[in-house]
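In case you want the letters, here they are:
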Amino acid sequence: MANFSKRLKTNVEGNFFVDSTCIDCDTCRQLAPSTFVEDGDFSVVYHQPWSTEEELAAYQALIACPVGSIGTSKKNPKIFSKAHASFPLPIENGVSYAGFNSEKSFGANSYFIQHPNGNWLVDSPRYLKHLAQAFEERGGIQYIFLSHQDDVADAARYAKTFGATRIIHQNDSSAMPDAEWIINGEDTVQIEPEFICIPVPGHTAGSMSLLYNHRYLFSGDHLWWDRDLNQLGTPENLVWDDEQLERSIRKILNRPFEWVLPGHGERIHLPWHAMKSAVEQLILRRWNFTPSQI
Ligand code: SF4
Ligand SMILES: [Fe+2]
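Model, not experiment: these values are computed from the prediction.

Each value, and the rule that gives it
- Residues numbered from 1 in each chain as written.
- Chains lettered and ligands numbered in written order.
- Predicted model: local features only at pLDDT ≥ 70, side-chain atom pairs only at ≥ 80, totals over all residues.
- Heavy atoms only, no water.
- Helix = DSSP H or I, 4+ residues; strand = E, 2+ residues; numbered from the N terminus.
- Rg over C-alpha atoms; globule rule 2.2 N^0.38 Å.
- Buried < 20%, exposed > 50% of the residue type's maximum accessible area, 1.4 Å probe, protein only.
- Contact = heavy atoms within 4.5 Å.
- Areas by Shrake-Rupley, 256 points an atom, 1.4 Å probe, with all protein chains shown as cover.
- Arc of directions from axis to C-beta.
- Domains from an automatic or database assignment.
- Buried area = accessible area lost by both parts, 1.4 Å probe.
- Salt bridge = Lys/Arg side-chain N within 4 Å of Asp/Glu carboxyl O.
- Polar contact = N/O pair within 3.5 Å; in protein donor to acceptor, adjacent residues only side chain to side chain.
- Donors = N, O, S within 2.8 Å, 3.2 Å for Na, K, Ca; no water.
- Tetrahedral: all angles 85-135°; square planar, octahedral: opposite > 155°, others 65-115°.
- Near = heavy atom within 4 Å.
- Nonpolar A, V, L, I, M, F, W, Y, C, P; charged D, E, K, R; others polar.
- Pairing = 2+ DSSP bridges.
- Phe/Tyr/Trp six-rings, centres within 6.5 Å; stacked < 30°, edge-to-face > 60°.
- Lys NZ or Arg CZ within 6 Å of the ring centre and 35° of its normal.

Let's shift gears to the overall build of the protein chain. Scanning the protein chain from N- to C-terminus turns up seven helices and 19 strands. The C-alpha atoms of the protein chain give 19 Å as radius of gyration, which agrees with the globular expectation for 294 residues (19 Å, within 12%). Overall size of the protein chain, expressed as C-alpha extent along the three principal axes, is 55 × 45 × 35 Å. Counting only residues that meet the buried cut, the protein chain has 56% of its 294 residues in that class. The long-range fraction of contacts in the protein chain, counting pairs at least 24 apart against all pairs at least 6 apart in sequence, stands at 55%. Accessible surface, the protein chain as shown: approximately 13,100 Å² in total, 50% of it carbon and sulfur.

Structure below.
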C-alpha cells in the first residue's frame with residue numbers, strides 16, 4: 001500500500017499519487033500514460049484522471065504496480081473493483097497482458113495466451129488467487145515460457161497449480177532448475193505448430209523469444225519499443241555478450257511478426273514490413289553498420 005506520508009512532492013495535487021518506494025519500472029506509464037510520467041528516478045502523477053476511462057487506467061496501474069507505490073486519497077471502490085477484475089487485459093486474438101507485475105522480476109510484464117490446444121503463460125506475474133482463478137476460467141495453463149532468468153517470479157507456483165510445463169534455456173536454468181523442459185543450444189525449437197522458441201543469447205546467456213502464429217514476438221528483455229525515441233530498443237548496458245546479442249537480433253530479422261511484447265519496455269504493433277525495417281534500423285544504429293552490412 002502506498003503511504004501518503006511518503007508522497008513525492010513532484011506529483012500534481014489530487015487523488016492519485018506515487019510515493020518514494022517507486023522502483024521506476026515503467027508499468028504505470030505503459031498502462032496509464034495520460035496520468036503517470038517519469039521524473040528522475042521515479043514515476044509521478046502529472047495529470048489527474050478526468051474521465052472514467054482515465055480513472056480506470058490509473059486504477060489498473062495502481063493494481064499492476066509491483067511494489068504498491070501508487071495510492072489515492074479517496075478510493076473509488078466501484079472503479080477499483082472493475083480494474084481488479086479486468087486482468088488479464090486482452091490485447092488481441094486471445095493474447096492478454098497478465099498484469100500484477102512482480103517485484104521479483106523488477107516489474108516485468110507477463111502475458112497469457114488462450115489457445116485451443118492449451119494456454120500459455122509467458123513469464124510470470126505475482127501469484128494471486130484471483131489471477132489464478134481468472135486463468136482457470138480460461139482453461140488453465142499448459143505451458144509457462146520463461147524468456148530468461150530475470151523474469152521467472154512466481155512461475156513455480158503457477159506451474160504447481162496448473163500442472164504446467166515450464167520451458168527455460170539451459171544457460172539460464174539456475175533460475176528454475178526443476179523446469180520440465182530445458183532448451184539447449186541456439187537452434188529454434190517448434191514447441192507446438194504455432195509456437196516457435198528462438199534462443200536469443202545476448203542480454204543473458206539463456207535469453208529466448210517466443211514467436212506465436214508468425215505474428216506475436218514475446219521478446220523478454222531482448223527487444224522492446226522505446227516510446228520516447230519511437231524506435232525499437234535492445235539492451236545497451238545489461239549485456240552478457242554483445243556479439244551474441246547482435247547475432248540474436250539478426251536471427252529475428254527475416255521472421256515475419258507484427259507485435260513485440262516485451263518484459264520491460266513498451267509493446268508495439270507494426271505491419272510486418274515496417275517491423276522488419278525497424279529491426280534493420282536497430283541493427284544499423286546499435287552496431288554502427290552501413291546498410292550494405294545488413
Ligand atoms: S508501476 Fe509502481 S514501481 Fe513501477 S514506475 Fe509506476 S509507481 Fe513506480
Ligand atoms: Fe532481464
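So much for the structure itself; the text now carries on.
Turning to helix α5 (residues 155-162), a few remarks are in order. Where α5 is concerned, the buried positions are Ala155, Tyr158, Ala159 and Phe162. An end-on view of α5 places all buried positions within 100° of arc, on one side of the element. Opposite the packed face of α5, turned more than 90 degrees from it, sit the exposed residues Arg157 and Lys160. Among the structural elements, β8 (120-122), α4 (129-137), β9 (143-145) and β10 (165-169) are those in contact with the buried residues of α5.

Here the protein chain is described as being made up of domain 1 (4-84) and domain 2 (87-293). Its C-alpha centre places domain 1 at a distance of 26 Å from the equivalent point of domain 2. Facing the 16 residues of domain 1 at the interface are 16 residues of domain 2. Regarding the contact of domain 1 and domain 2, the summed buried area is about 1,300 Å², with carbon and sulfur atoms giving 53% of it. If you sort the residues of domain 1 by the area they bury against domain 2, Gln30, Pro66 and His84 come out on top, with a joint share of 36%. Scanning the region where domain 1 abuts domain 2 turns up one salt bridge. Put simply, arginine 227 and aspartate 26 hold a salt bridge, and the shortest N to O gap is 2.5 Å. Put simply, domain 1 and domain 2 have 10 residue pairs in polar contact (both at pLDDT 80 or more) between them. Put simply, the parts of the chain that give the side of domain 1 that touches domain 2 at least two residues each are α1 (27-31), α2 (52-64) and α3 (77-85). No other element matches the four residues that α1 contributes to the side of domain 1 that touches domain 2.

In an ideal tetrahedron of four donors about a metal, each angle is 109.5 degrees. In an ideal octahedron of six donors, the angles are 90 or 180 degrees. Here the iron ion (ligand 2) is held by the protein donor atoms His148 (NE2), Asp150 (OD), His203 (NE2) and Asp221 (OD), which lie 2.1 to 2.2 Å from it. Considering all four donor atoms around the iron ion (ligand 2), the spread of angles at the metal, 90 to 158°, places the coordination shape in the irregular class. Mapped onto the sequence, the residues coordinating the iron ion (ligand 2) show the spacing H-x1-D-x52-H-x17-D. Here histidine 148 is found in the loop between β9 and α5, whereas its partner aspartate 221 is found in the loop between β15 (216-220) and β16 (224-226), with 73 residues between them in sequence. Here histidine 148 matches aspartate 221 in class, with each residue buried.

Let us look at the site of ligand 1. The local shell around ligand 1 holds 14 residues, among which Cys22, Cys25, Cys28, Ser43 and Cys65 are the closest. For the shell around ligand 1, the per-class residue count stands at nine nonpolar, three polar and two charged.

A few words on the sheet that holds strand β12 (residues 189-192). Taken in spatial order, the six strands of this open sheet run β12-β13-β14-β15-β18-β19, and their pairing is mixed. Looking at the sheet topology across the chains shown, the edges are occupied by β12 and β19 (268-269).

Moving on: the pattern of salt bridges. Taken as a whole, this structure holds 14 salt bridges when the rule is applied. Across the salt bridge formed by arginine 166 and aspartate 178, the nearest N and O atoms sit 3.3 Å from each other. Residue arginine 166 is found in strand β10, and its partner aspartate 178 is found in the loop between β10 and β11 (181-183); the two are separated by 12 residues along the sequence. Sharing partners across several salt bridges, the network here consists of Asp24, Asp26, Arg29, Glu38, Arg227 and Glu266.

Let's shift gears to the packing of aromatic side chains. According to the stated counting rule, one finds 15 aromatic pairs in the structure shown. Judged by centre distance (4.7 Å) and plane angle (20°), the ring pair of phenylalanine 112 and phenylalanine 135 falls under stacked. Placement of phenylalanine 112 in strand β7 (residues 111-113) and of phenylalanine 135 in helix α4 is noted, with a sequence separation of 23 residues between them. By way of ring pairs, the aromatic residues Trp120, Tyr143, Phe195, Tyr212, Tyr216 and Trp259 are connected into one cluster. The aromatic ring of phenylalanine 80 is capped on one face by lysine 75, whose charged end is 4.0 Å from the ring centroid. Geometry around phenylalanine 289 places arginine 250 over its ring, the cationic atom sitting 5.1 Å from the centre.

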